[in-house]
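Summary of structural features
One-letter residues, chain by chain:
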Amino acid sequence: MTTAPAGTTNPLLDMADILAALRGRLEQIGLGMGVCDAQGDCARAYVPADDVCRCLEDGSDDCLPARLAAARAALESGQTATAAGPAGGALIAVPIFRRRRLLGAIVTGYPTREALDDGTLTAALRACNAGDDLLARAPTIVRHSRAQANDFARVVEWLLQQEQAAAVGREEIDHLSRNLGGTYEELSLVYRLSGQMKVTQSPREFFRGLCGEVREVINMSAAAVVLYPREGRDELDLVVLDGSVDLNAPQVRLLAATQLAERLEGNRPVVDNRFAPAGGCGIAAGAIANLIAAPLVTDKSAMGMLIGMNKGDGDFDSPDLKLLNSIANQASIYLANNRLYGELEELMLGALHALTASIDAKDPYTCGHSRRVALISRRIAQEIGLSDAEVQRIYLSGLLHDVGKIGVPEGVLCKPGRLTDEEYDSMKRHPGIGANILSGIRALEDVLPGIFTHHERPDGRGYPQGLAGDAFPLQGRIVGLADGFDAMTSNRTYRKALSLETVVAEIRRCAGAQFDPHLVEVFLALDLERLLEDLRSPEQAGGTVPQESAA
């Protein structure tokens, strides 16, 4: 007889739902049920199916030994056994197997018609003190004959197999549901990340969101991204860290360089469920129990890595590794496109700076004017809380606001004295000329309003259209204020630069007429002396725009 090893958990406990369902189905056909374990001992108390069996069970000591004997016969042979029960009844014992392992036996039984007819059952009931009512009902309760035992044995076998198969099906469905739920979460994550892969979004912002999403889906305490410096750039590794772990950004950078970079050289993900940092790496013992990492690569060139640390429910597994690698591949596409976009943007800005510098060079007194207006415009836009994209558009509007002067004769631009009406009319055409020159460049469509309207005024007395109130766009109002400030604080052919005190007084006097009053208040609240110093610093004189590194 096969038995469970000593000290092991009773495997029948895992079958509680199966056995409960089987008992209910046997009760419907008039059969009681009990369960014995693999040693032949009672594991679940016998539950009679009717009042006759219940009376015999309560009033006789013969039932339990008979059932145990039948169960042990089935366990010894590993096959279903039938036997005569007390008071002329029938007993059936069916062995329980799971994955070919014998776990115990189902024991069922019933009183027989034959025992009722020959008086054996009636005598047993009287010996158990059965009442007259039960004796009167016994012929209607006892339905099965002794000859049906083999048929019932096959029924019990079949019902047991059905319940076990149903349980396996439920387990598989539950497992499939969990897998589908996990797959749905993973696909949702990849989909969300795809929607966030805007090349204009900064890497820091993109990877901060990515780390938070990955950390939740894989159930990790922390996630990090380390991006390597681009070749030829004076940059540090960019580190983005999300979650709770006893590490700071420099330690994550050190972790990547000393513990992971070499292991990721083949551009394959790494999982380490028994992480032990090498000595002297600067990582506190116990800070990381396990980790997972995947490279960020393009054209087989490493750009960085995505790291997950300390899984919340055990070890990292193959699905985790597959998901992290898939996300890393998506992130690599974003990063490569972002860097390409940044290079193209730098190329465009370089060309625009060269263009505006050539125009400013027509008048030595306004050299650097466009660059300064762009920087002042950007500062105002930042102070009023515009988005990064809007700030950049206003910067470009300021940089290009005087492009139209390419169509103004140099004699008018450089004239030291007062312009004639005809010359002034020629000068007033430059906003329209500039907007027209740049109108064919799709990437600059959003900056045209600032170029075309930077000489309009809130009181409607500006040019070229005489716009007023809400019809005067914000870009033009910002660039107009920056243009006016730089004009007053710079030397011109017709006058020297005004003092800062005089400029402030003039701007405040013109608030509501020439300049937007709200912008005036914001602008005059700045440290204008420091602003002027910054505009004249060697770093700004180069005409470059500080951009957030893509790495």
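My aim in this report is to walk through the structure given alongside it, one point at a time. Please read these numbers as outputs of a predicted model, since none were measured by experiment.

1. Quick notes on the packing of aromatic side chains
- If you walk through the whole model with that rule in mind, you get 6 aromatic pairs.
- Between F485 and F523 the ring centres are 4.9 Å apart and the planes differ by 80°, which places this aromatic pair in the edge-to-face class. Here F523 lies in helix α19 (residues 517–524) and F485 lies in helix α17 (residues 474–488), a separation of 38 residues in the sequence. An identical accessibility class is assigned to F485 and F523; each is buried.
- Aromatic rings pair up to connect F206, F207 and Y334 into one cluster.
- Sitting above the plane of the Y46 ring, R67 keeps its charged end 4.1 Å from the centroid.

2. Describing the packing of α17 against helix α18 (residues 500–509)
- Axis separation between α17 and α18 bottoms out at 10 Å; the angle between their running directions is 145°. The handedness of the crossing between α17 and α18 is right-handed. Along the contact surface, α17 presents L481, F485 and M488, while α18 presents L500, V503, E506 and I507.

3. Some words on a negative patch on the surface
- A cluster of like negative charges, contributed by E501, D527, E529 and E533, occupies part of the molecular surface.
- Relative to the assigned elements, D527 resides in the loop between α19 and α20 (528–535).

4. Some points on the side chain of N310
- Checked against the element boundaries, N310 lands in strand β10 (residues 301–311).
- At 3.0 Å, the side chain of N310 and the backbone oxygen of A287 are in polar contact.
- If we skip the residues at most four places from it in the chain, N310 touches N219, M220, S221, V245, A287, I288, A289, N290 and F316.

5. Section: the sheet that holds strand β2 (residues 42–47)
- Sheet architecture is open: 5 strands sit in the order β2-β1-β5-β4-β3, paired in antiparallel fashion. Sheet topology places β2 and β3 (81–84) at the edges, where each strand pairs with a single neighbour. Direction aside, the axes of adjacent strands within the sheet are offset by 20° on average.
- Here strand β1 (residues 33–37) runs beside β2; their pairing, made up of 3 bridges, is antiparallel. Residue pairing in the sheet places V35 in a bridge with R44 of β2.
- In the packing of helix α1 (residues 16–28) onto the sheet, the strands contacted are β1, β2, β4 (90–98) and β5 (101–110), and the crossing angle to β1 comes to about 145°.

6. Notes on the sheet that holds β10
- Read from one edge to the other, the open sheet built from 5 strands follows the order β7-β6-β10-β9-β8, with strand pairing classed as antiparallel. Each of the sheet's edge strands pairs with one partner strand only, and the pair in question is β7 (238–243) and β8 (270–272). Recorded for the sheet is a direction-independent mean angle of 15° between the axes of neighbouring strands.
- By the bridge criterion, 6 bridges tie strand β6 (residues 220–227) to β7 in an arrangement that is antiparallel. Across the sheet, residue V226 finds its bridge partner in β7, namely V239.
- The sheet contacts of helix α8 (residues 203–218) involve β6, β7, β9 (291–298) and β10, and relative to β6 the element is tilted by about 150°.

7. Some thoughts on the nonpolar core
- L396, L481, F485, I507, F523 and L528 are the most contacted members of the largest nonpolar core, which has 41 residues in total.
- In contact with L528, other than residues within four places in its own chain, are F485, L500, V504 and F523.
- Judged by nonpolar contacts, the second largest core, of 25 residues, contains I292, M303, L323 and L335.

8. Concerning the state of the cysteines
- Under the defined criterion, the tally for this structure stands at 0 disulfides.
- Sulfur of C53: no disulfide; nearest cysteine sulfur belongs to C63 and is 8.0 Å away.
- A disulfide-free cysteine, C63 has its sulfur positioned 7.4 Å from the sulfur of C128, the nearest such atom.

Rules of the game
Residues numbered from 1 in each chain as written. Predicted model: local features only at pLDDT ≥ 70, side-chain atom pairs only at ≥ 80, totals over all residues. Heavy atoms only, no water. Phe/Tyr/Trp six-rings, centres within 6.5 Å; stacked < 30°, edge-to-face > 60°. Helix = DSSP H or I, 4+ residues; strand = E, 2+ residues; numbered from the N terminus. Buried < 20%, exposed > 50% of the residue type's maximum accessible area, 1.4 Å probe, protein only. Lys NZ or Arg CZ within 6 Å of the ring centre and 35° of its normal. Axes fitted to C-alpha atoms, helices over the stretch in contact; angles between N-to-C directions. Left-handed = near helix turned anticlockwise from the far one by under 90°. Contact = heavy atoms within 4.5 Å. Patch = residues over 30% accessible without salt bridge, like charges linked within 9 Å, V, L, I, M, F, W, Y side chains within 5 Å. Areas by Shrake-Rupley, 256 points an atom, 1.4 Å probe, with all protein chains shown as cover. Salt bridge = Lys/Arg side-chain N within 4 Å of Asp/Glu carboxyl O. Lys, Arg positive; Asp, Glu negative; His and termini not counted. Charge placed at Lys NZ, Arg CZ, Asp CG, Glu CD. Polar contact = N/O pair within 3.5 Å; in protein donor to acceptor, adjacent residues only side chain to side chain. Pairing = 2+ DSSP bridges. Core = buried A, V, L, I, M, F, W, Y, C linked by side-chain atoms within 4.5 Å. Disulfide = S-S within 2.5 Å.

By themselves, these figures tell us nothing about what the structure is for.
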